[in-house]
Amino acid sequence: MKKFQQLYFPKLFVPFSCFYLIMQLFIALPSKADTWRYAIEESITDIQGVYASHFKKIIEENSTHKVLIYPFGTLGESTDILEQAQAGLLQFVDQSPGFTGTLIPEAQVFLLPYVLPEKPSEIAYFFKHSKTIHNTFSKLYAEQDLTLLTMFPEGNVAITTREVFRSKEDLAGMKIRVMSSPLLVETYKAFGAVPTPLPTGEIFGALQTNMIQGQENPWFYLESAKLYEVSNVITEIGHNLYTTAVMANKKFYQNSSLADQLLITRASKEATDFIIDYQQELEVSAKLKIKKSKPNIQYITLTDAEREPFRQAAKVAQAKFIDMTGSSGKAVLQQLQKDLNDAKHQ
Ligand code: 6CS
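To start, this report covers the structure provided alongside it. (Residues numbered from 1 in each chain as written. Predicted model: local features only at pLDDT ≥ 70, side-chain atom pairs only at ≥ 80, totals over all residues. Heavy atoms only, no water.)

1. Topic: the overall build of the chain
Moving on, step 1. Across its full length, the chain holds 13 helices and 10 strands.
Moving on, step 2. Overall, the chain is about 85 × 40 × 35 Å in size when its C-alpha atoms are taken along their principal axes.
Moving on, step 3. Within the chain, the fraction of its 346 residues that count as buried is 49%.
Moving on, step 4. Here the contacts in the chain between residues at least 6 apart in sequence split such that 76% fall between residues at least 24 apart.
Moving on, step 5. Total accessible area computed for the chain in this model is approximately 16300 Å², and 58% of it derives from carbon and sulfur atoms.
Moving on, step 6. Across the chain, the centroid of the 35 positively charged side chains sits 6 Å from that of the 37 negatively charged ones. (Helix = DSSP H or I, 4+ residues; strand = E, 2+ residues; numbered from the N terminus. Buried < 20%, exposed > 50% of the residue type's maximum accessible area, 1.4 Å probe, protein only. Contact = heavy atoms within 4.5 Å. Areas by Shrake-Rupley, 256 points an atom, 1.4 Å probe, with all protein chains shown as cover. Lys, Arg positive; Asp, Glu negative; His and termini not counted. Charge placed at Lys NZ, Arg CZ, Asp CG, Glu CD.)

Following this line, the structure appears as structure tokens:
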């Protein structure tokens, strides 16, 4: 065997290394101009749209490729666009864990109440450095034919209702719309409400017709989707930070040239840094815009004491998360807690 290697390996090695070098050179060169399709769950002026526009700008300024952005509604609901991205009809897609949870249950770790940080500096550090996002989740998304490019925050989640609520008892019998995540359903059950999963396009109409009596979303979205128009009260219980994820079709990404892969990574990173700062400003302006447009809307922030029963209910949600995800989810949660600790002590 040794003799065989000595005899043949150098002969095989020289042409192989030449071939390898030529391939490296080839993939480092700019690729032919392509049009990349990218669908989002929101409108072009919403956070996902601003992120996608920033990403597009970087790609188009640094290559001959074009990025076509498909805003919410143009290609269907969130579940439709994810399927299109998995099938390779779209190169990029934005889908939030509230919807991805049915496909990748571990993604719901981002929906656990009272887990994610509230301080802007911790939020920024967490999203930029989290091993949960950049290592663990990359593997889980890859199993679903998706290359996870980034995750970023969209602001604090508030709950809109018809009637005032300050306790779990007040929520009894209230149908609260959630994204189609089994964990969100369990969370709102633990909060005392009647969780009602509905697609995004049905929220406004369902509130208007009293089919549901409330829903949760980040402040900028309450304003931009005009959800305040069909609600009387907006309550902050401080339970969550809305998180979303951007993915590429795995085959598309893996078959892209090295130059394109590097450009996609760079655009994702720069757009993430940009959007983390951008989204921070929106909560205050959304609150002002809503009040201006509907002065009699009531804003309520639950006190620490009032939040306590919801914090207790969060323990039930965490146990449900482990039930749904087993040892894999347990490891994800442990890693997330380490990441959050790092963010706190950065
Ligand atoms: O609640 C929803 O369905 C939507 N909320 C936001 C903030 N983004 C997209 C998502 O589809």
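So that's the structure; there's more coming.
2. Some thoughts on the side chain of Thr161
Moving on, step 1. Note that Thr161 resides in strand 4 (residues 146-161).
Moving on, step 2. Setting aside chain neighbours within four positions, we find Thr161 in contact with Met174, Ile176, Gln213, Gly214, Ser231, Asn232 and Val233.

3. Concerning the site of the ligand
Moving on, step 1. In the vicinity of the ligand, the residues found are Glu41, Glu42, Phe99, Glu154, Arg177, Met179, Thr200, Ile203, Asn217, Pro218, Tyr221 and Tyr242.
Moving on, step 2. A distance of 2.7 Å separates a nitrogen atom of the ligand from a polar side-chain atom of Glu42.
Moving on, step 3. At a separation of 2.6 Å, an oxygen atom of the ligand approaches a polar side-chain atom of Thr200.
Moving on, step 4. In the complex, 100% of the free accessible area of the ligand, which totals 290 Å², lies under the protein chains.
Moving on, step 5. Among the residues making up the shell around the ligand, the classes are represented as 6 nonpolar, 2 polar and 4 charged. (Near = heavy atom within 4 Å. Polar contact = N/O pair within 3.5 Å; in protein donor to acceptor, adjacent residues only side chain to side chain. Nonpolar A, V, L, I, M, F, W, Y, C, P; charged D, E, K, R; others polar.)

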